[in-house]
Structures are given as structure tokens and as C-alpha cells.
Amino acid sequence: MSAIDALYIFDRFAPTATLILQHEWRTRPPTAPTSLLAHYNAHPQPCPSLIYIPTTTPPTLLFSLVHSNLLLLSPAISEIEPLLVLEFLHRIVDVLEDYLGAPLMTAKIESNYAIVAQLLYEMADDGFPFTTEPNALRDVVLPPSLIGKIFGSVTGLPSTFHSNTLSLPPSNATPTTPWRRANVKHTNNELYVDILELVIAIIAPSGRPLCARSNGTIAFNSKLSGVPDLLLTLQAPNSHKQQLGATPTSSILYPVFHPCVRLSRWRDRPGELSFVPPDGKFILASYEVDLLPTQKTPLQLPVQVEMKTAVGHEGDEFEVRVLISTSSLTPTAGNGSSPAFGSRSGSSRSPAFGGSSNTPSVEEVSITIPLPPVVKTLVATRCSRGEFHHEDREIVWKIPTTGSGSAPSSTATFRTGVQIRGYDADDEDGDGDGSEEGDSGSKKNKTTAARKRRMEMAMPRCAIVGFTVKGWLASGVRVDSLKIVGGRGIGESVKPYKGVKYITRAGGVEVRC
């Protein structure tokens, strides 16, 4: 397997794209960075992550990643696994944001160039990815500090020289797990689990979902001393006995886990995640759930949209009705028979943040209505709630919500007329000079039919729904328990605070009409 040769980072928002970092792990590539940038800019937009450039000598594979105002380029002149390079570029961005703070900007890289260079040397050994976990890198390359910067400004030495010479970890402190740094100590021991789901669905005019799925992400924040061994148990929808992923009612698809998760435990006992967590924030797992309704589990959405087109006396108006309701949502919290999610003794349940699991709250409701190109402007617009704006051939209607518990359901209506481009009002006049009454009536009918067809072409075809629900997951997945089952460096009397948060967002809910 070939290795990664080099990395070039450009500032895209400068007057001209500027090279701010150049790093070679092996020999310098034969093609200059400016030439690679020219080939990248010459490619039609949107530019893919991998470009083959046959005109260079030798031919080059150019990998790219766009992040904020930065462009990362990595050339390869020999065969290499594409996903290896692309994943490595993403790891570089994640590590730099962990060290320098998000968002990653040009000034941060230029003011901490010594730290960035050390990180790149540690992350790859002779071009082969080696140490890419932020926890392990913090034992080798210490983050920038205010004292180090003051020391560097006085002595002229790099800002990391003072910290590295005084605070390098001893050789016997090398962590046994690559994702967790050694000698972790916290004054307050805390555990936080955030489950975020993005709902993607297409609803037919009849109300039947054509496709519906939920992409879930389990974000974890561990603040525990020592090396704890945790067990997180997830449960399937509407059942405290059925574990997530167990047959025959399994609904989770394509699970992806952090390297710390023991896959054998998941295979033997689906729904149980056994792991030694990294210190701090990380993504524990991600998954996908099919939301297409069945006889037992109908599709539940907190925002329902009904569209009527070609209404009004002239047929030049359309109406959008929105129903916001949380009464039909299945609560994410389990019943009293399920183990409590709280202290290690299981005597209490930690609160959810934002909306409660028993009373979900709907926020950030918006309706985006794409308009055909023939629409010139809107006329006689009425909006019962919220505010809207019409720009770039689309209407964005934002509906305020009253919050959790005060109103389980509410409705809103938006109605407007459209004026089409290139339409001449004189075309409606059916009677010409000297024409007979029959010909006049026939011409008027043809004109009316033509105008009706033009208005039908000016009607919207769909609406894109946006919303955020706190305290509810569309898939029904929930955290049943989180326990410390072993480890070292943490006493038996330590009872960490535990919190869970459920959030569902619309990642692309399209309602057709």
C-alpha cells in the first residue's frame, strides 16, 4: 500500500488563493502546489473529492477537502486507497479544531505553526497514518497555552518549547488505549449522552410516505477520572424488553461505531455498547432507521402540511396549511419498569435537557416553498402566523411556536396569489372589433383555457418542512441505562452525574402536492 506524500492547505477567501501550509512526509511531489491548485480550479464546479490529472508528469491523483475558508489538497502519484486519504484529511481537520478551536481559520494555523507541524509529524509516520486520536496526541503534543506564548515572545523560542520541556509525560505514562490519554483526573465526574436524529422523508400528495428514514448520531461527553469501563444499553421503540438490533424486530441499519466499542459485545447482545471512552467529546456511534410505516408503527411527524393549488376565483392562488402537534408523538422516555438512567445505584433519573422526554417541544418550524421560474411576484399574501420572505424563486415561512406544554397543537395558514412573467392582460379580451358573437365566445374560452394552463405551471409542486423537536426521537430509540462496570482509577463510591438529551431535526422532509 502506498503512503501519503504531502499536504497543502490554501486560504480560499484571500484575494488570490494563498498557500499557508506545506508539509511533506516523504519526497516532495514533482508537481508544484500552485499547479495543483490551478488544476483544481479548472475543474467544473462542484469539484469532487478526487480528481485524476493526466496532464502532469507523472499523472496525479488529487484529493481535496473544503472546510470553512480552507482548502486541503493531497497529491498522489501512485495507487492508494482513496478512502484512506480522505478520512485522514478529515482527521487532520478534527485534530486541528480540537487543538486550535473551532472554526478553523487561517490566522489560527499561522500563529500556531509549530504545534501544527508537530501534529502532522505525529499523525503520520513516513506517510502512513499512525496516531490520529486527539486524546493520544495530547500526551505527545501539548495544546497551546498563554504561558507558552508569553515565554515564546520573551525568549524567541517556539511557544511549545516551554510546555514540552517542563510538562512532557513520563515514558511509563503511555496510555494502553490509543484513544484515551493517560492519568486523566477530573474534579467533577460527569457523563452526557446526546442522540441527534435527522429525518429524511418524501410525502406523496395522498399523505402516504414514499420514503422515510432517520439518520442518528450518538454523541458522548465523558469526564471521568482514571480508565473507566462503561456499558450503555439502548432499547428499541415501544418496548422495554426488546433490545435495539435484536431479531426479529430489528430496525437499526448500517451501524457505525467508534474504535473504542467492543464489537463482539454488540454481536452477542445487540443494543449493548461496551467501551472505554475517550476523555472529552466524541461520536460514539451512528445508525440509520427505516421509518416507513407499518401496521404497528405509523409514521409520526410533529409538523403536517397540506397544500392546495390553483384556488381562488381566477385559479391564481395557492394555500398552505400547517398543523403542529406533539400529542401524537410517542414519548421517548420509558415506563417505570425499565432501569433508571441516573446514578450507579439506579435510584434516580437524570433530567433531559431542553424539552422533556414526557413533553416534547417543537421549535424552529419553517416551510420552504420553491416556485417555478415563470412566477414574477406574489400578490394578496395572507399569513396567519409568523413571517415570510420571497427571494430567489422560493418562499421561506417561519412559524413561531409557543413551547412545550402550553399548546399541544396549533395551526397556521399561508395563502397568496402569483403573477407570472410575460403575461399580457389584454390577452384576456376575447371580443375583437367586428367579430361575431360565436367567434368571440370561442376565442374567450381558448384564452381562459390558456391562462388556466399558465397558472397551473406557476403553482408550486412541493414544500420542504423544517423543524426541531427536543425530547423526542423519530425512531423511538432511547437510552435505557448507562453504568460503570469496571476500570481502574475511579473509586466505587464515585457516582458521576449523568444526563441524556434527545433531539430530532428535519434533514429534508418534502411534501408534494
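For the structure, check the block above.
Residues numbered from 1 in each chain as written. Predicted model: local features only at pLDDT ≥ 70, side-chain atom pairs only at ≥ 80, totals over all residues. Heavy atoms only, no water.

Enquirer: So what's going on with the nonpolar core? Which residues, and what values?
Expert: If you look at the biggest cluster of nonpolar residues, it comprises 69 residues, and the most contacted ones within it are F275, L284, V320 and I367. The dominant element in this core, judged by the number of residues it contributes, is strand β8 (residues 190-203), at 6 residues. L70, L86, L89 and M123 belong to the second-largest nonpolar core, a separate cluster that totals 32 residues. (Core = buried A, V, L, I, M, F, W, Y, C linked by side-chain atoms within 4.5 Å. Buried < 20%, exposed > 50% of the residue type's maximum accessible area, 1.4 Å probe, protein only. Helix = DSSP H or I, 4+ residues; strand = E, 2+ residues; numbered from the N terminus.)

Enquirer: So, the pairing of strand β16 (residues 361-370): which residues are in play, and what are the values?
Expert: Buried residues dominate β16, accounting for 7 of its 10 residues. Bridging between β16 and strand β21 (residues 462-470) involves 6 bridges; their strand directions are antiparallel. When the bridges of β21 are listed, S361 appears paired with K470. (Pairing = 2+ DSSP bridges.)

Enquirer: With reference to specific residues and values, describe unusual backbone geometry.
Expert: The step from T57 to P58 runs through a cis peptide bond, and the omega angle for that step is -5°. In the Ramachandran plot, E364 falls in the positive-phi region, its phi being about 55° despite a non-glycine side chain. Looking at the secondary structure, you find E364 in strand β16. Even without a glycine there, the phi angle at D392 is positive, about 55°. By the element assignment, D392 lies in the loop between β18 (387-391) and β19 (394-399).

Enquirer: So what's going on with helix α1 (residues 33-42)? Residues and values would help.
Expert: Of all the positions in α1, only P33, L36, L37 and Y40 are classed as buried. Taken end-on, α1 shows its buried residues confined to a sector of 100°, consistent with a single buried face. Exposed residues pointing more than 90 degrees away from the buried face of α1 are listed as T34 and A42. Taken together, the buried residues of α1 touch β1 (6-11), β2 (18-24), β3 (50-53), β4 (60-67) and β5 (70-76). (Arc of directions from axis to C-beta. Contact = heavy atoms within 4.5 Å.)

Enquirer: Give a detailed account of the sheet that holds β1, specifying residues and quantitative values.
Expert: What holds strands together in a sheet is hydrogen bonding between their backbones, with the strands either parallel or antiparallel. One open sheet accounts for 5 strands, arranged β2-β1-β5-β4-β3; its pairing is antiparallel. Two strands bound the open sheet, and with one partner strand each, they are β2 and β3. With direction set aside, neighbouring strand axes in the sheet form an average angle of 20°. Relative to β5, β1 runs antiparallel, the two being bridged by 4 bridges. The residue of β5 that forms the bridge with F10 is L71. Of the strands in this sheet, β1 and β2 touch helix α4 (residues 113-123), which is tilted by about 40° from β2. (Axes fitted to C-alpha atoms, helices over the stretch in contact; angles between N-to-C directions.)

Enquirer: Outline the pattern of salt bridges, supporting the account with residue identities and numerical values.
Expert: Scanning all chains against the criterion turns up 17 salt bridges. Between K470 and E363 there is a salt bridge, with its nearest N and O atoms 3.7 Å apart. Here the residue K470 occupies a position in strand β21, and E363 occupies one in strand β16, the gap between them amounting to 107 residues. A relative accessible area of 27% means that E363 is categorised as partly exposed. (Salt bridge = Lys/Arg side-chain N within 4 Å of Asp/Glu carboxyl O.)

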